[in-house]
Amino acid sequence: MSSTRTRPALVVLGAAALVTASVAVPQASAAGRTSTALAWYDATAETIATAGASTQITNSRTWAISWIAAARATRNVPAGVDRGAYQDAALAGAVHRALVTLAPSRTEQLDAKFQETLDAIPDGPAEERGVAAGEKQADLVLKSREGDGLDPAAVNAPYPVKPAAPGVWQPTPPGYAPAAQYGNRLAKPFLLRTPSQFRLAPPPALDSERYAADLAEVRAYGAADSTVRSARQTETATFWLGSSLTLYTEPLRVALSRTHQGIAGQARLVALFHVALVDTQIATSDSKYAYERWRPVTAIRAGTIEPDLGWTPLHTTPAHPDYPSGHNTYAGAAQTVLSALAGPRTAPFALTSPTAPGVTRTYTTWKQLSDENVDARVFSGIHTRSADEAGITLGANVARYALRNTGRLLAPR
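Residues numbered from 1 in each chain as written. Predicted model: local features only at pLDDT ≥ 70, side-chain atom pairs only at ≥ 80, totals over all residues. Heavy atoms only, no water.

Let's talk about the overall build of the protein
The cut-off we apply is this: Numbering of helices and strands runs from the N terminus; a helix is a DSSP stretch of H or I covering at least four residues, while a strand is a stretch of E covering at least two. We take the radius of gyration over the C-alpha atoms and set the globule estimate at 2.2 Å times the residue count to the 0.38 power. Here the term buried applies to any residue with accessible area under 20% of the maximum for its type, exposed to any over 50%, and partly exposed to those in between, with areas from a 1.4 Å probe on protein chains only. Throughout, a residue-residue contact means that at least one pair of heavy atoms, one from each residue, lies within 4.5 Å. Counted as positive: Lys and Arg. Counted as negative: Asp and Glu. His and the chain ends are not counted at all. Every charge is mapped to an atom, namely NZ of Lys, CZ of Arg, CG of Asp or CD of Glu.
Scanning the protein from terminus to terminus reveals 16 helices and two strands. Taking 22 Å as the expected radius of gyration for a compact globule of 413 residues, we find that the protein reaches 22 Å, a close match to that expectation. Dimensions of the protein, computed from the C-alpha atoms along their principal axes, are close to 75 × 40 × 35 Å. A burial count over the protein gives 57% of its 413 residues as buried. In the protein, once contacts between residues fewer than 6 apart in sequence are set aside, the share between residues at least 24 apart is 82%. Averaging the locations of the 39 positively and 34 negatively charged side chains of the protein gives two centres separated by 5 Å.

Printed below as a string of structure tokens:
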């Protein structure tokens, strides 16, 4: 396709630079299809890092919309055109159109990346039809998600705090902030029939042995002044403290760079990952606000047997209920999608964290990320182990459902 666009100079940062994570990955060939998927993966990551929303689920929505469109557009190639050229153009057309719509402040940079992609594709019907297909699918997905309740204002809809009582969530120190993410449970999922479809069973009873053990563990290992938490355990808590979206951007890129499924399979991987994560965050909020379980800091300070009014967690407690842990629902869903579509194991990859400068950890399975998340929230003093383990279960349940419904999600419209 002959283009009249001009291409200003642009340096595109990789996803690794954006999330301060580093990993050695195979380089794509100059003409290979992997390079197009990775280039637009990095462009998506840069767009969200630079112009993203204040709420994690809104940014996951941007990923999901952009890459659903790409997966639909690359799934079927019309007869009579070059397959590779068509799919490259379709993926670029889809992700570009979605991102400039959702993050218009990045239009100049995205236009430059789009032109760069088109310059690498031979002019002709494959390029023209691919771009048209990608843009059409982006417009259709964007239209279907209008008013879905995943904008920041809707996500943080006001939540009426219940009167203080044993087990009931209350705002937590030091800021005693209003509840966050209540509106997630009111939003429209991508695939779930209802936000409560996979609602968890109730948390352990307050007078149960399991809950007593949970609180004892958090009290000992999660205290700011803990004498039993090791340096490695403190590092684990700090490493996994930040946004799950940020921390999992690089592992997903590792899987994307190492898959042999071709460009359509790459687009499917990214789309399903983020669809599962949006629906998981909706389901997480449903269970959190269905049970309204108080946080460990509230329980320990109000302890019915041995109150500890001065107990303080290692890290500040987020402003929403304990059960389940959102970090761990995210981890459970991510592990399930990556294991299903990229295999449970991979060659070693190194990961860094913006909340633990100078620390590098190496992994060979996606489950290792989940295991560390479970421990991290206990060592931070902000979740019980029951809440963490329930989170893994919920995320896995939602992700398996998303994987079973791939056809319904990705069928071109």
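Still more ground to cover, so stick around.
So, the nonpolar core
What counts is decided by this rule: Throughout, nonpolar core names a set of buried Ala, Val, Leu, Ile, Met, Phe, Trp, Tyr and Cys residues whose side chains join them through atoms within 4.5 Å.
Judged by nonpolar contacts, the single largest core of 94 residues is most densely connected at Trp40, Trp67, Leu91, Trp240 and Phe273. Per element, the largest residue contribution to this core is 13 residues, and it comes from helix α11 (residues 262-291). The contact partners of Phe273, leaving out residues within four places of it in the chain, are Tyr248, Leu252, Tyr330, Ala334, Val337 and Leu338. Membership of the second largest hydrophobic core comes to twelve residues, among which are Val218, Ala223, Val378 and Phe379.

Here we look at the packing of aromatic side chains
The test is simple: Whether two aromatic rings pair depends on their centres lying within 6.5 Å, for rings of Phe, Tyr and Trp, where Trp uses its six-membered ring; planes under 30 degrees apart make the pair stacked, over 60 edge-to-face, and the rest tilted. Only Lys NZ and Arg CZ are tested; either one counts as a charge over a ring when it is within 6 Å of the ring centre and within 35 degrees of the ring normal.
For the coordinates displayed, the defined rule picks out 15 aromatic pairs. Note on Tyr41 and Trp63: the rings are 4.8 Å apart at their centroids and 50 degrees apart in plane angle, and the pair reads as tilted. Highlighted residues: Tyr41 in helix α2 (residues 33-51) and Trp63 in helix α3 (residues 56-75), separated in sequence by 22 residues. Comparing Tyr41 with Trp63 shows no difference in burial state: the two are buried. The rings of Phe239, Trp240, Tyr248, Tyr330, Phe349, Tyr363 and Trp366 are connected pair by pair, giving a single aromatic cluster. We note Arg145 situated over the ring of Phe190; from NZ or CZ to the ring centre the distance is 3.8 Å. The aromatic ring of Phe239 is capped on one face by Arg361, whose charged end is 5.5 Å from the ring centroid.

Quick look at the pattern of salt bridges
The line we're drawing: A side-chain nitrogen of Lys or Arg and a carboxyl oxygen of Asp or Glu constitute a salt bridge if their distance falls within 4 Å.
Counted under the stated rule, the structure contains 20 salt bridges. A salt bridge links Asp148 to Arg61; the shortest N-O distance between them is 2.7 Å. In this pair, Asp148 sits in the loop between α6 (125-144) and α7 (152-155) while Arg61 sits in helix α3, placing the two residues 87 residues apart along the sequence. In this structure, Asp308 and Arg219 form a salt bridge, with 3.5 Å as the shortest nitrogen-oxygen distance. Taken as a pair, Asp308 in the loop between α12 (296-301) and α13 (326-342) and Arg219 in helix α8 (residues 209-221) lie far apart in primary sequence, 89 residues in all. Owing to a relative accessible area of 27%, Arg219 belongs among the partly exposed residues under this scheme.

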